[in-house]
Structure formats: structure tokens, C-alpha cells
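Take a look at the letters that make up each chain.
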Amino acid sequence: MAAEQKAQIGVTGLAVMGANLARNFARHGYTVALHNRSVGKTDALLAAHGSEGNFIRTETLQELVDSLETPRRILVMVKAGAPVDAVIEQLVPLLEKDDIIIDGGNSYFQDTRRRERELAAQGIDFVGVGVSGGEEGALLGPSIMPGGPRKSYDALGPLLEDIAAKAEDGKPCSAWIGTDGAGHFVKMVHNGIEYADMQVIGEAHELLRAVAGLEPGQQAEVFEQWNTTELASYLIEITAHVLAQVDARTGAPLVDVIVDAAGQKGTGRWTVQEALELGSPVTAIAESVFARALSSAEPAMRLEAQQVLPAGIGGTTEDVVGDPEFVEDVRKALYASKLVSYAQGLDMLTMAGAEYGWELDLATIASLWREGCIIRAQLLEVIMEAYQGDAAPANLLFAPQFVAAIEDALPSWRRVVARAVERGIPAPVFASTLNYYDSLRRPRLNAALTQGLRDYFGAHTYRRTDDAEGVYHTLWSGDRSEVVA
Ligand SMILES: NC(=O)C1=CN([C@@H]2O[C@H](COP(=O)(O)OP(=O)(O)OC[C@H]3O[C@@H](n4cnc5c(N)ncnc54)[C@H](OP(=O)(O)O)[C@@H]3O)[C@@H](O)[C@H]2O)C=CC1
Ligand SMILES: O=C(CO)[C@H](O)[C@H](O)COP(=O)(O)O
């Protein structure tokens with residue numbers, strides 16, 4: 001390669017994601033400058049894949065900066081958190097006005113907002129970009145959710161759209177999401193939905209075994225079949241693969257030798273923390289985060305619980321081994337629960353848009369999630385259509401096609417939750433999504449009594465159903481007459 005040739009994009013951080021994104025850019029004809037803190041990863045990438053395109057090897061950030069055409073585009077793919085700040089701190093003195101730093105990791109969106117503010121003051125565009133698709137997606141086409149200043153997308157968009165996954169209609173799964181941390185926020189909620197999707201699939205897996213008596217290998221066939229229905233999605237597809245996998249060491253299903261303690265890196269937890277701040281009821285995501293915590297936080301307590309806590313099962317319910325009707329019930333319940341968790345996540349995006357001044361377009365977001373990302377699913381095509389046009393539903397569940405789907409699934413959904421409760425099989429997402437659904441449609445909620453109690457012990461006041469304006473208090477410790485507060 002000619003020494004003076006400049007790269008169109010630089011990537012620093014060449015672990016799984018950075019290396020594969022760099023290769024993806026190179027495969028699309030871009031010259032890519034490579035940098036990693038420890039040079040070993042750079043050399044390993046070049047040794048294994050250097051022939052895939054034009055790469056420029058650099059050892060220092062100064063070399064990386066010098067190898068790029070201006071305005072520079074530098075993709076940072078290092079561990080989220082302090083490493084991102086460390087890299088920015090080292091890069092900034094080397095950059096010029098209008099250069100762009102792109103953070104493609106799973107950064108916390110408030111960090112992204114802060115970084116954008118700080119760098120804008122120095123004339124540098126900082127773009128927080130959500131990237132989903134894991135190792136394979138990064139190489140073959142991820143879903144890309146860029147935030148940051150709108151003008152930065154003019155310089156970045158064409159590159160991102162080139163390497164992004166393409167939906168069935170040929171549209172790239174990359175589009176500008178909104179200012180500052182909007183891209184990372186949307187990726188965070190994507191991951192929250194990913195948690196809920198995986199948790200409810202896990203609940204279905206447990207019920208298929210405990211109630212329907214299906215072993216993992218048989219369940220793999222069930223999931224494979226479900227993947228030909230409206231449940232069709234990447235996570236259902238790979239569930240079939242994982243359940244079919246036999247452990248070479250023991251001959252048992254691999255899933256049975258994996259320790260039942262789920263890890264988490266933070267994006268699900270952040271989604272719930274932020275939902276609490278916004279007052280957004282993402283119950284499916286919250287239950288999923290807590291289910292992972294319960295599985296892993298206190299193993300000794302779980303062991304003791306198995307010894308000391310009774311099941312209290314009355315023996316009124318029987319297994320329905322191999323019963324195709326129960327399997328179909330689980331499938332329909334899974335679809336309904338999935339719809340609710342998407343509805344909750346999208347509602348959270350609407351609330352966040354209002355809070356942070358982002359004009360989040362739910363049709364665009366659904367369109368970006370159609371391919372490339374972990375939650376990609378046939379359903380997202382339908383969700384995208386539901387939000388297109390002027391008559392977008394206030395809640396995803398109100399879209400006519402989903403009202404009909406839920407109506408069809410409801411008897412199954414209720415049977416599955418009832419069966420899980422009767423049998424003492426945990427199904428927090430199946431149950432919490434059904435509770436959300438029933439709460440949403442119930443004319444009166446028990447919140448009225450909560451308000452009465454709050455007024456009783458803390459004079460917190462309440463509003464009356466027959467007076468839209470007034471705020472009232474009952475003199476609970478006096479004569480119990482009502483006064484205007
Ligand atoms: N793995 C996945 O499936 C996905 C990951 N992401 C996100 O993408 C980002 C990258 O993920 P992944 O590829 O898995 O890599 P990791 O999150 O494991 O990060 C490893 C990389 O970070 C670098 N690094 C760590 N600390 C520093 C530091 N202080 N200064 C400079 N470089 C540092 C490492 O350099 P060195 O080699 O020198 O140690 C290495 O290149 C993360 O934010 C992750 O959450 C997003 C989507 C999917
Ligand atoms: O962003 C991702 C996929 O979209 C990553 O795979 C993420 O790390 C998954 O989260 P966790 O490790 O908490 O399960």
C-alpha cells in the first residue's frame with residue numbers, strides 16, 4: 001500500500017466487535033486504519049484477515065490520527081465506561097476541528113450526552129452509536145443506531161449504511177436516531193427487550209419440560225417449528241440450536257450442564273434504572289433483570305431455599321406430557337408476552353423522547369431492528385407498519401393487527417400463567433406481561449386505595465372522580481371530614 005494513502009475510517013479497539021466492524025468496512029471497499037491499545041490484536045487481525053481489504057496498521061494513536069483523511073472518522077470500540085473516557089482523553093489533543101469520534105460500544109447514554117457536550121466545546125463531533133448483532137452481525141451487517149449531531153450523519157451515514165444489515169425491502173438498518181445520547185438510549189432499550197425476549201423464551205423452555213415433558217432435543221424441534229410462525233426471529237432460531245446441542249463430555253443436552261446463573265453486563269439494568277426515573281412501566285424488562293439477579297446473586301440462598309421452602313402444590317394439576325394443545329398454548333402466550341414487552345420498550349422510548357427532547361421515530365427504530373440485531377424478528381416488520389403514517393397508535397397493543405393477535409392468544413396466555421402458578425414454576429415475564437395487559441385495560445385500578453392510604457398516613461392528598469381540578473384531603477385523625485387541600 002502506498003505510504004501516503006489515507007484511510008476513510010479508523011478503528012481503535014480490535015476485540016470481537018471492533019475487529020469485525022473493521023473487516024466489514026474493508027470488505028465494503030474502505031481503507032481502514034487499525035489500532036488497539038496492545039498491538040497484538042492489530043497484528044492478529046492483519047495476519048488472519050489482512051487480505052480482505054485495505055488496512056493501515058498503526059501502533060499509536062498519533063499514527064492512527066495521521067493515517068486518516070480529514071475530517072477524521074475514528075470508531076472507538078473499547079470496553080464501555082472509563083476506557084472510553086481514557087481513549088477520548090488521549091485522542092482529543094491529536095485531533096482537529098470537525099473530526100468525528102464515534103463510540104460504537106454499549107456506553108451509558110448519559111455518559112454519551114456528557115461526552116458530546118464536552119467535545120462540542122472543543123469543536124469535535126462526538127457520535128454515540130448503538131451497534132447490535134454480536135460478532136457475526138458486526139462482520140456481516142449489524143443494526144446501527146447513531147445519535148449525535150445531525151450534521152455528523154452526513155459524513156458518517158453513507159459508511160454506516162454500507163456496512164449495516166439490509167432489510168428485505170433493501171433498506172439499510174442504519175438511520176440517524178436523534179441528538180446526543182439518543183442512539184445509545186435506543187440501543188439500551190433494544191438490549192432491555194433482548195433481556196425480556198430471552199427470559200420469556202427461558203420460561204417457555206421450562207414449561208415445555210416441566211409440564212409437557214419435552215426434553216431439550218424435542219424442544220429444539222418445537223422451537224424450529226415455531227420459527228416458521230409469527231414468532232419467527234433470531235432468538236427463537238438460535239434457541240433451537242442451543243437446545244439441540246449435545247455436550248461432548250457427558251452426552252447430556254448442553255443446556256443441562258450449563259450453570260443456571262445468568263450474567264449481565266449492564267444495559268438491561270440501565271434500562272430499568274432509567275425506566276424508574278421516567279416512570280415507565282417496563283415490567284417485562286425489570287422482571288428479566290431481576291430473574292438474572294435471582295439466578296446468580298446468592299447461590300447459597302437458593303440452595304437453602306430448596307431444603308426449607310415448601311412448594312405448596314395441591315396436586316390438582318397433572319402433567320400433560322406431549323400434549324400438543326399445551327405446546328400451542330405456550331407458543332401463543334410467548335407471542336402475546338413478546339408483544340407486550342415490545343410495547344413497553346417502545347412506550348419507554350416515547351417517554352424518553354419527551355424527556356430528552358429527541359424526536360424518536362418509532363417506525364424508523366422498528367425498521368432498524370428488522371435485521372442485523374439480536375432482537376430481529378418478523379414481528380418488527382409489522383411493528384414498523386403499525387407506526388407508519390399519521391395514525392400511529394398510542395400504544396403498540398392498540399394497533400388493530402395486535403388487538404386481534406392478543407385476543408386470539410388470551411385464553412392460552414391465561415392458561416399458561418395459571419398452570420405455571422399452580423405447578424410452582426417461575427414464569428415472571430409470562431405473568432407480569434399479562435398483569436400489565438390486564439392493568440392497562442381495567443377501568444379502575446387499586447391505585448385508588450393506595451391514594452386513600454397515602455392520604456391517611458401522610459396527608460399526601462388525592463383527586464376525586466367527580467372533580468377534575470380539585471385536590472382533597474380527609475382529616476383522618478380529626479372528624480374525618482374532607483377538605484380542599
Ligand atoms: N461482544 C458483543 O457481542 C457486543 C459488544 N458490544 C459493545 O462493544 C464494545 C466492544 O466490545 P467487545 O468487542 O466485546 O470488546 P470488550 O468490551 O471486551 O473490550 C475489549 C477492548 O477494549 C480495549 N480496552 C479496554 N480498556 C482499555 C483502555 N483503558 N484503553 C484502551 N483500550 C482499552 C481492549 O484493548 P486491549 O486489547 O489492549 O486490552 C480491547 O480492544 C463494548 O462496549 C461492548 O459492550 C456491543 C454489541 C455487541
Ligand atoms: O449488546 C449486545 C447485544 O445486543 C451484547 O451482546 C450485550 O453484551 C448483551 O448484554 P448482556 O451481556 O448483559 O447479556
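Residues numbered from 1 in each chain as written. Chains lettered and ligands numbered in written order. Predicted model: local features only at pLDDT ≥ 70, side-chain atom pairs only at ≥ 80, totals over all residues. Heavy atoms only, no water.

Inclusion rule: UniProt positions are given in the numbering used here, feature names are shortened, and annotations may be inferred rather than shown by experiment.
As recorded by an unreviewed UniProt entry, the chain carries the name 6-phosphogluconate dehydrogenase, decarboxylating and is attributed to Kocuria sediminis. According to the UniProt record, the Pathway (unreviewed entry) comment for the chain reads "Carbohydrate degradation; pentose phosphate pathway; D-ribulose 5-phosphate from D-glucose 6-phosphate (oxidative stage): step 3/3."

**Let's talk about the pattern of salt bridges**
Put simply, the rule is: Put simply, a salt bridge is a Lys or Arg side-chain nitrogen that is within 4 Å of an Asp or Glu carboxyl oxygen. Put simply, DSSP marks the helices as runs of H or I at least four residues long and the strands as runs of E at least two long, and each gets a number from the N terminus on. Exposed residues in this analysis have more than 50% of their type's maximum accessible area, buried residues have under 20%, and partly exposed residues fall in between, with area computed by a 1.4 Å probe over protein chains only.
In total, this model carries 30 salt bridges according to the counting rule given. The residue aspartate 111 makes a salt bridge to arginine 114 at a minimum N-O spacing of 3.7 Å. In this pair, aspartate 111 and arginine 114 are both assigned in helix α5 (residues 109–120), three residues apart and thus about one turn of the helix distant. Under the relative-accessibility criterion, aspartate 111 is labelled partly exposed at 22%. Linking lysine 151 and aspartate 125 is a salt bridge whose minimum nitrogen-to-oxygen distance equals 2.7 Å. Within this pair, whereas lysine 151 is found in helix α7 (residues 150–163), its partner aspartate 125 is found in strand β6 (residues 125–132), the two being separated by 26 residues in sequence. It is possible to trace a salt-bridge network through shared partners that takes in Asp85, Asp103, Asp111, Arg114, Arg115 and Glu118.

**Concerning the UniProt feature "active site" (unreviewed entry) in the chain**
We count it as follows: In this description, contact between two residues means that some pair of their heavy atoms is separated by no more than 4.5 Å.
UniProt marks Lys187 and Glu194 with the feature "active site" (unreviewed entry), using the numbering shown here. Take lysine 187: it is sitting in helix α8 (residues 182–210). Overall, the relative accessible area of 5% leaves lysine 187 in the buried class. Its place among the elements puts glutamate 194 in helix α8. Residues in contact with glutamate 194, not counting those within four places in the same chain, are Leu235, Ile374 and Ile375.

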